[in-house]
Amino acid sequence: MQNSPGIPLAAFVVAIILAGATIVSVMAGVGGDPALNELQIGAAAWALTLAIFGVQGIVSIVLEGRQLFVGTIGPRLTNPLRAPRYGVDPLSAAIAALSVLLLILAGLTGLAIVSGQPTTVVGTAAGAGCLDLGLLLLLYKEAFVGHEAHLEPRQDGIPW
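Residues numbered from 1 in each chain as written. Predicted model: local features only at pLDDT ≥ 70, side-chain atom pairs only at ≥ 80, totals over all residues. Heavy atoms only, no water.

Asks: Can you break down the nonpolar core residue by residue, with the values?
Replies: Counting residues in hydrophobic clusters, the biggest one holds eight residues: V59, L91, I95, L98, L136, L138, L139 and A143. The dominant element in this core, judged by the number of residues it contributes, is helix α4 (residues 119-145), at four residues. Leaving out residues up to four positions away in the same chain, L138 has contacts with Q56 and V59. (Core = buried A, V, L, I, M, F, W, Y, C linked by side-chain atoms within 4.5 Å. Buried < 20%, exposed > 50% of the residue type's maximum accessible area, 1.4 Å probe, protein only. Helix = DSSP H or I, 4+ residues; strand = E, 2+ residues; numbered from the N terminus. Contact = heavy atoms within 4.5 Å.)

This is the structure in structure tokens:
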């Protein structure tokens, strides 16, 4: 089975286009004063969903490669056969960097709340922290859990 980079990259490009269109329409004042209209909310939701799908697909291709094998894949960081010989594993470095970024974003969110910043600033800091946490959990899963699913065909009479 081949792990194609085309679909995640296309999803990521569409997400960037949707996010850009949403930002331009908000700056142009299309949705009203502080509020967004339904189309802007929908476009932002689709952009976020497609961006998460794209990033997850790209991370999968980078970590697992283009060729997928039937069966399960063991955890990466706890498997001594996959440990790097020299230097730091890039996956470990990414987990450490995202953890530090999450602490910084949590501090900025708390500071924005305490100092009475506008809702936009608080929401942006909190949203960035949520996205960082999602990516961090994805990397933790790739590093420590491995794949729990079996890709072997079933012979139980169910057509799917």
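Following the structure, the description resumes.
Asks: Quick one: what's the story with the packing of helix α1 (residues 6-27) against helix α2 (residues 38-64), residue by residue and with numbers?
Replies: For the pair α1 and α2, interaxial distance at closest approach is 7 Å and the crossing angle is 150°. If you check the angle between α1 and α2, you find them roughly antiparallel. Considering only the axes of α1 and α2, their crossing is left-handed. Considering only residue class, the contact of α1 with α2 consists of 20 nonpolar, five polar and no charged. (Axes fitted to C-alpha atoms, helices over the stretch in contact; angles between N-to-C directions. Parallel < 35°, antiparallel > 145°, perpendicular 65-115°, else oblique. Left-handed = near helix turned anticlockwise from the far one by under 90°. Nonpolar A, V, L, I, M, F, W, Y, C, P; charged D, E, K, R; others polar.)

Asks: Give me the layout of surface pockets: which residues, what numbers.
Replies: Roughly 220 Å³ of internal volume is contained in the second largest pocket. Looking at the second largest pocket, the residues that line it are A51, I52, V55, Q56, L131, D132, G134, L135 and L138. For the lining of the second largest pocket, the secondary structure elements donating two or more residues are α2 and α4. Broken down by element, the lining of the second largest pocket gets its largest block of residues, five residues, from α4. Residue composition of the lining of the second largest pocket, grouped by class: six nonpolar, two polar and one charged. (1 Å grid on protein atoms, 1.4 Å probe; cavity = no way out; pocket = protein on both sides within 12 Å on 5 of 7 lines; lining within 4 Å. Points joined across faces, edges and corners; volume = space filled by probe spheres on them.)

Asks: Can you explain the side chain of D132? Please cite residues and give values.
Replies: In this structure, D132 sits in helix α4. Classification of D132 by relative accessible area gives buried; the value is 4%. Filtering out sequence-adjacent residues up to four positions away, D132 remains in contact with L98, L101, L102 and L105.

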